[in-house]
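Inside the fold
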There are 2 protein chains.
Amino acid sequence: MQRMASPLPPSHQPAGSAAGNAAPVFSPLYQQIKALITRGLQSGEWKPGEIIPSEAELAVRFGVSQGTVRKAIDELAAENLLIRRQGRGTFVSTHHEEQVKFRFLRLVPDGEPGQTLRMERQFLACHRIRATADVARTLGIKPGDMVLEIRRILRMGGEPVVYEDIYLQSASFRGLTAERLERYQGPLYALFESEFGTRMVRAEEKIRAVNAGEQEAELLKVPAGQALLSVERLSFSYGDQPVELRRGLYSTAHHYYRNALS
Amino acid sequence: MQRMASPLPPSHQPAGSAAGNAAPVFSPLYQQIKALITRGLQSGEWKPGEIIPSEAELAVRFGVSQGTVRKAIDELAAENLLIRRQGRGTFVSTHHEEQVKFRFLRLVPDGEPGQTLRMERQFLACHRIRATADVARTLGIKPGDMVLEIRRILRMGGEPVVYEDIYLQSASFRGLTAERLERYQGPLYALFESEFGTRMVRAEEKIRAVNAGEQEAELLKVPAGQALLSVERLSFSYGDQPVELRRGLYSTAHHYYRNALS
DNA sequence: CAGTGGTCTAGACCACTCC
DNA sequence: GAGTGGTCTAGACCACTGG
């Protein structure tokens, strides 16, 4: 493999000897390896939770040194796409892990330390509708295309805390029904990843404070006008493709949204 | 330098030959280097904005290979303590940089793209008071110890957007006066770092939605009861020492709090 | 025990910055 | 051109996991 822009012939090329003619732009070898591994993840060659080939094996396959593969994997691990486990191997990240849950669930109960927060879910709706203009734009589809809308309430310790509207590209989630949602225990993202091959990798949120309307107040058992956290989340899968839009209202009477700036 | 727990004799020790007797716990060499560099930052040997010695020089000084120094610096750069600049050197991070501002300023105007947001500040108070119990506990000082309290309003485009109460350990900020605050242009954190040797490295925030009280509503020019974002931020300096507590109210009528989950 | 990732070294050359 | 960080290689040994 040689230093180059985008295509990736499998020929080996020692670091020193540059190709005779000047090529336009070069990207480092380990970046190319990174892209190749990402492609393997995206294509489903290695599924969430599965092990990927060892560093040595990948080094042989790609015709580079183990150190170069290592640097590629290091970055993918830093981006939470892979997880290294010493003595065992490198695995594809999955939402089926206790540890990962708090990456996307930021609401914390007020009572300081590690409370075991048992959470109940109640699904209010799960149906297919035509995307409104703004939902379509955000998800990168055409206005009028079908989207799957899920409405739900989350309760922590019996108290309603989150009211959420979730929009998914209908095409990617064929067969997702209210009954399927009810039956599944665990995070939605785990269900999406296991049953529909869509893994959420990162997300962007826009957070505001809003006054509760009549309906919302009733659902969350708060007085009308109560200040609520409005969280609009756009989630991306491999390759920065937007696949889910959430509009949530959080009751922060007994919980707060935890954030780390670093 | 050899693989060991905490103290760091400057003797060189090739990787293979372990010290004869089993020692209790070993930390990797690059972690020890990392700690040494951090100590240099903390002690002020290298100040924000300044350059630190080259990798080669540090390798000689610490008696390790350049690769080991590199790995230590890599991690410190990932933690935003250092910044690498190819061809120039490695520098201590500083708040005197356009690029860094958005790491701690999360409020974004609604009008989508890169608007130039000119921001005005108005200081309402800057005085020394005795710490209340909860402020003292959060800052890790004794109740009744003196703290510096700063109250201010931030306006973006003339519109009041943030009302903030800031608490600092009085001892670390001797000589900080209202007049000094008024005179200084730029982020507070830049002032703290230049004039008082305290650099904010990371922070934790607790975010809630609250209804505006009479006073707050008047200050932010919103109706009483208006939903506001309540942001409590605890900032840490080198060595995870808490040094600043902020309690802010954000008006999110025309701005939102941007967050990235990754 | 074999196999994995984790650490460390030594040395090469490249890309960039500044004088 | 000298000096910096950035990439890449090859090889060694360590620490951990599992059969």
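Everything in this summary refers to the structure shown in the same document. Please read all numbers here as calculations on a predicted model, not as lab measurements.

1. A look at the pattern of salt bridges
Residue and element names in this part refer to chain A.
- A complete count under the given rule lists 44 salt bridges over all chains for this structure.
- Where D134 meets R247, a salt bridge forms, and the shortest distance between an N and an O atom there is 2.9 Å. Of the two residues, D134 is situated in helix α5 (residues 133-139) and R247 in strand β10 (residues 241-250); the sequence distance between them amounts to 113 residues.
- The partner of D165 in a salt bridge is R151, with the nearest N and O atoms 3.9 Å apart. Remark: R151 occurs in strand β6 (residues 146-156) and D165 occurs in strand β7 (residues 159-169); sequence separation between them is 14 residues.
- On the basis of relative accessibility, which here comes to 25%, the residue R151 falls in the partly exposed class.
- Taken together, the salt bridges that share partners define one network made up of E55, R70, D74 and R84.

2. Topic: the interface of chain B and chain A
- At the junction of the two partners, chain B supplies 33 residues and chain A supplies 32 residues.
- Carbon and sulfur atoms make up 46% of the area that chain B and chain A hide from each other, which totals about 2600 Å².
- Of all residues in chain B, the largest losses of buried area upon contact with chain A belong to R208, N259 and L261 of chain B, amounting jointly to 26% of the total for that side.
- On the surface where chain B and chain A come into contact, there are two salt bridges.
- Between R208 of chain B and D110 of chain A there is a salt bridge, with its nearest N and O atoms 2.1 Å apart.
- On the surface where chain B and chain A come into contact, there are 21 residue pairs in polar contact (both at pLDDT 80 or more).
- Elements that contribute at least two residues to the side of chain B that touches chain A include exactly α4 (101-104), β8 (202-211), β9 (227-237) and β11 (255-261) of chain B.
- Looking at the side of chain B that touches chain A, the element that brings in the most residues is β8 of chain B, giving ten residues.
- Here the residues of the side of chain B that touches chain A sort into 13 nonpolar, eight polar and twelve charged.
- When strand β11 (residues 255-261) of chain A meets β8 of chain B, the two strands line up antiparallel, connected through five bridges. Paired with Y257 of chain A across the two strands is I207 of chain B, which belongs to β8 of chain B.

3. A few points about the protein's contact with DNA strand C
- Inspection of the region around DNA strand C gives 23 residues, with R84 and Q86 of chain A together with L29, T68 and Q86 of chain B positioned closest.
- In DNA strand C, atoms within 4 Å of the protein come 85% from sugar and phosphate.
- Within the side chain of R84 of chain A, a nitrogen or oxygen atom sits 2.8 Å from a phosphate oxygen of DNA strand C.
- Within the side chain of Q86 of chain B, a nitrogen or oxygen atom sits 2.9 Å from a sugar or linking oxygen of DNA strand C.
- When contributions to the surface near DNA strand C are tallied by element, the ones reaching two or more residues are β2 (82-85) and β3 (89-92) of chain A together with α1 (29-43) and α3 (66-78) of chain B.
- Class assignment of the residues belonging to the surface near DNA strand C gives a composition of four nonpolar, ten polar and nine charged.

4. So, the pairing of β2 of chain A
- Across four bridges, the pairing between β2 of chain A and β3 of chain A is antiparallel. Opposite R84 of chain A, over in β3 of chain A, you have T90 of chain A as the bridge partner.

5. Details of the sheet that holds strand β5 (residues 119-130) of chain B
- In space, the eight strands of this open sheet follow the order β4(A)-β11(A)-β8(B)-β9(B)-β10(B)-β7(B)-β6(B)-β5(B), with antiparallel pairing throughout. Edge positions in the open sheet fall to β4 (107-109) of chain A together with β5 of chain B, since each of these has one partner strand only. Between one strand axis and the next, the sheet turns through 25° on average, direction left out of account.
- In this sheet, β11 of chain A lies alongside β4 of chain A in antiparallel orientation, the contact comprising three bridges. In the sheet register, L107 of chain A faces β11 of chain A, and the bridge partner there is Y257 of chain A.
- Sheet strands touched by helix α7 (residues 188-196) of chain B: β5, β6 (146-156), β7 (159-169), β9 and β10 (241-250) of chain B. Its angle to β10 of chain B, the strand with the most contacts, is close to 160°.

6. Focus: the protein's contact with DNA strand D
- What surrounds DNA strand D is a group of 23 residues, the closest being L29, S65 and T68 of chain A together with R84 and Q86 of chain B.
- Taking the atoms of DNA strand D that fall within 4 Å of the protein, sugar and phosphate contribute 86% of them.
- Contact between DNA strand D and Y30 of chain A: a phosphate oxygen at 2.9 Å from a side-chain N or O atom of the residue.
- Side-chain polar atom of S65 of chain A to a phosphate oxygen of DNA strand D: 2.8 Å apart, as the coordinates give it.
- Grouping the constituent residues of the surface near DNA strand D by class yields four nonpolar, ten polar and nine charged.

7. Observations regarding the nonpolar core
- One finds I150, L176 and L229 of chain A together with I150, L176 and L229 of chain B to be the most contacted residues of the largest nonpolar core, which totals 66 residues.
- Within the second largest apolar cluster, 21 residues are counted, among which are L36, I52, A59 and F62 of chain A.

8. Let's talk about the relation of the copies chain B and chain A
- Mapping chain B onto chain A calls for a rotation angle of 180° and an axial translation of 0.0 Å; the resulting RMSD is 0.0 Å. The operation mapping one copy onto its partner corresponds to a two-fold rotation axis. When C-alpha positions in chain B are compared against the rotation axis, the closest is assigned to A227 of chain B, at 2.3 Å.

9. A closer look at the packing of helix α1 (residues 29-43) of chain A against helix α3 (residues 66-78) of chain A
Residues and elements named next belong to chain A.
- Between α1 and α3, the least distance of the axes is 8 Å, while the angle of their chain directions is 60°. In terms of axis orientation, α1 runs oblique to α3. For the crossing formed where α1 meets α3, the hand is right-handed. On α3, the residues touching L29, Y30, Q31, I33, K34, I37 and T38 of α1 are T68, V69, K71, A72, I73, E75 and L76.
- Class assignment of the residues belonging to the contact of α1 with α3 gives a composition of eight nonpolar, three polar and three charged.

Rules used throughout
Residues numbered from 1 in each chain as written. Chains lettered and ligands numbered in written order. Predicted model: local features only at pLDDT ≥ 70, side-chain atom pairs only at ≥ 80, totals over all residues. Heavy atoms only, no water. Salt bridge = Lys/Arg side-chain N within 4 Å of Asp/Glu carboxyl O. Helix = DSSP H or I, 4+ residues; strand = E, 2+ residues; numbered from the N terminus. Buried < 20%, exposed > 50% of the residue type's maximum accessible area, 1.4 Å probe, protein only. Contact = heavy atoms within 4.5 Å. Buried area = accessible area lost by both parts, 1.4 Å probe. Polar contact = N/O pair within 3.5 Å; in protein donor to acceptor, adjacent residues only side chain to side chain. Nonpolar A, V, L, I, M, F, W, Y, C, P; charged D, E, K, R; others polar. Pairing = 2+ DSSP bridges. Near = heavy atom within 4 Å. Axes fitted to C-alpha atoms, helices over the stretch in contact; angles between N-to-C directions. Core = buried A, V, L, I, M, F, W, Y, C linked by side-chain atoms within 4.5 Å. Least-squares fit on C-alpha atoms with pLDDT ≥ 70 in both. Parallel < 35°, antiparallel > 145°, perpendicular 65-115°, else oblique. Left-handed = near helix turned anticlockwise from the far one by under 90°.

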